[in-house]
Amino acid sequence: MHAPPPNARLTVDTAALVANWRVFARASGAADCGAAIKADGYGLGARAVADALVAAGCRELFVAHWHEAAALGPLPDNVRVAVLHGAGPAEMPMALASRAVPVLVTAAQVAAWKPSGRCCDVMVDTGINRLGLSPAQALSGLLDGLALDTLHSHLACAESPGHPLNEAQRRAFSDLAARIPARRHALANSGGVGLGAGYHFGMTRPGIGLYGGGPAPGDTPLAAVAGLSARIVQLRDVAPGQTIGYGATFTTTRPTRLAVVALGYADGYPRSLSNRGAALVGATRCPALGRVSMDLAAFDITDVADLGAVVEDGFLDVDFDLAATAAASGRTEYELLTGLGARYARIYR
Ligand SMILES: *Cc1c(COP(=O)(O)O)cnc(C)c1O
């Protein structure tokens, strides 16, 4: 039996991932630096991401769901996995059987967890109005007798350093941290780390920055982590005046050589990159021509001088620079990464 070859490759540069984590760990000062690896490590493969970061010294991993914690499989004893959605009634048996700890988010979750005597984290909402206890609930005595490890809150506008909600949330959380004894307190996601030492508390929880997205928290630029390439299914020579793809949205004005590759919106290559995305052959930019369809996209390789290298490998590198691709597609960097589908061969190097 032969395994079918992959249609597309998602190359994950684990050295770049680790370098980015070290940038955040350094910028976090004395605070522990964790890593958000929910949504399958932002699409790149949670287990491989966890292995690389744990080897680099990361001891705190964050997932959203219990099935994400379970899918990680065994980790070293000194690595803590926390589940950001907490433990609802249906999840209690799994949560109690797991080594992962819940980040409890409602008063009912706290009340249900307390009798177990087991260690947990708690999320308090200081202004995002998403998950967490209200400050009043957190101060009501509800947390008395809870084996509380880390008290968390989460910033709404960390990627906008000038937004007044940042300082309001920092101040609200500082007040809570002074009044609620926990082993640690944690507020900052990637953007929050860059807001300064006042946001770091005892632990930080960067996510997107580890994967190369968003601004760096200091002067060291973040490294690109994810690279895409797709198998060339057909090379096609098109005469001037022909149209390309569904809807005939592009008309050639010159003799055009296309590489039609096995990458489409079902792979998370956004349809909004129709006539906007590009492939890269060495320094030559090869624009996407016509609509991106479900399983295919066409790139203009007319100007590629040395086609030999491309054809020999059979794969075309697709430009997946996060900031530029986000701008061109109208998607966020988070959406681009987490939208990468199940059809890639994920290759770690
Ligand atoms: C996803 C998440 C993070 C990581 O956020 P980034 O913006 O990706 O750095 C941190 N904390 C919580 C509670 C989250 O849900």
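What you see is a predicted model; the values in this text were computed from it and never measured.

(A) Quick look at the confidence of the model for the protein chain. Mean pLDDT over the protein chain stands at 97; residues scoring 70 or higher make up 100%. For the protein chain, the element scoring lowest by mean pLDDT is helix α10 (residues 307-313), at 77; strand β3 (residues 35-36) scores highest, at 99.

(B) Helix α3 (residues 46-56), seen in detail. All of the buried residues in α3 are Ala46, Val49, Ala50, Ala52, Leu53, Val54 and Ala56. For α3, the secondary structure elements touched by its buried residues are α1 (14-27), β3, α2 (38-42), β4 (60-63) and α4 (66-72).

(C) Focus on the state of the cysteines. Following the criterion strictly, the structure yields zero disulfides and no others. In this structure Cys119 is a free cysteine whose sulfur lies 6.3 Å from that of Cys120, the closest cysteine sulfur available. We classify Cys119 as partly exposed; its relative accessible area is 34%. Under the relative-accessibility criterion, Cys120 is labelled buried at 0%.

(D) Molecular detail of the pattern of salt bridges. On inspection of all chains with the given rule, the structure shows 17 salt bridges. Taking the shortest distance from any N to any O, the salt bridge between Asp237 and Arg257 comes out at 2.9 Å. Remark: Arg257 occurs in strand β14 (residues 256-261) and Asp237 occurs in strand β11 (residues 226-238); sequence separation between them is 20 residues. Here Arg257 falls in the partly exposed class, since its relative accessible area comes to 31%. Notably, a salt bridge pairs Arg285 with Asp319, separated by 3.5 Å at the nearest N-O pair. Here Asp319 lies in the loop between β18 (315-318) and α11 (322-329) and Arg285 lies in strand β16 (residues 284-287), a separation of 34 residues in the sequence. A residue is classified by how much of its surface remains accessible, and Asp319, at 18% relative accessible area, is buried. Through salt bridges with shared partners, one network takes in Asp32, Glu60, Arg80, Asp121, Asp149, Arg183 and Arg184.

Rules behind the numbers
- Residues numbered from 1 in each chain as written.
- Predicted model: local features only at pLDDT ≥ 70, side-chain atom pairs only at ≥ 80, totals over all residues.
- Heavy atoms only, no water.
- pLDDT = per-residue confidence, 0-100.
- Helix = DSSP H or I, 4+ residues; strand = E, 2+ residues; numbered from the N terminus.
- Buried < 20%, exposed > 50% of the residue type's maximum accessible area, 1.4 Å probe, protein only.
- Contact = heavy atoms within 4.5 Å.
- Disulfide = S-S within 2.5 Å.
- Salt bridge = Lys/Arg side-chain N within 4 Å of Asp/Glu carboxyl O.

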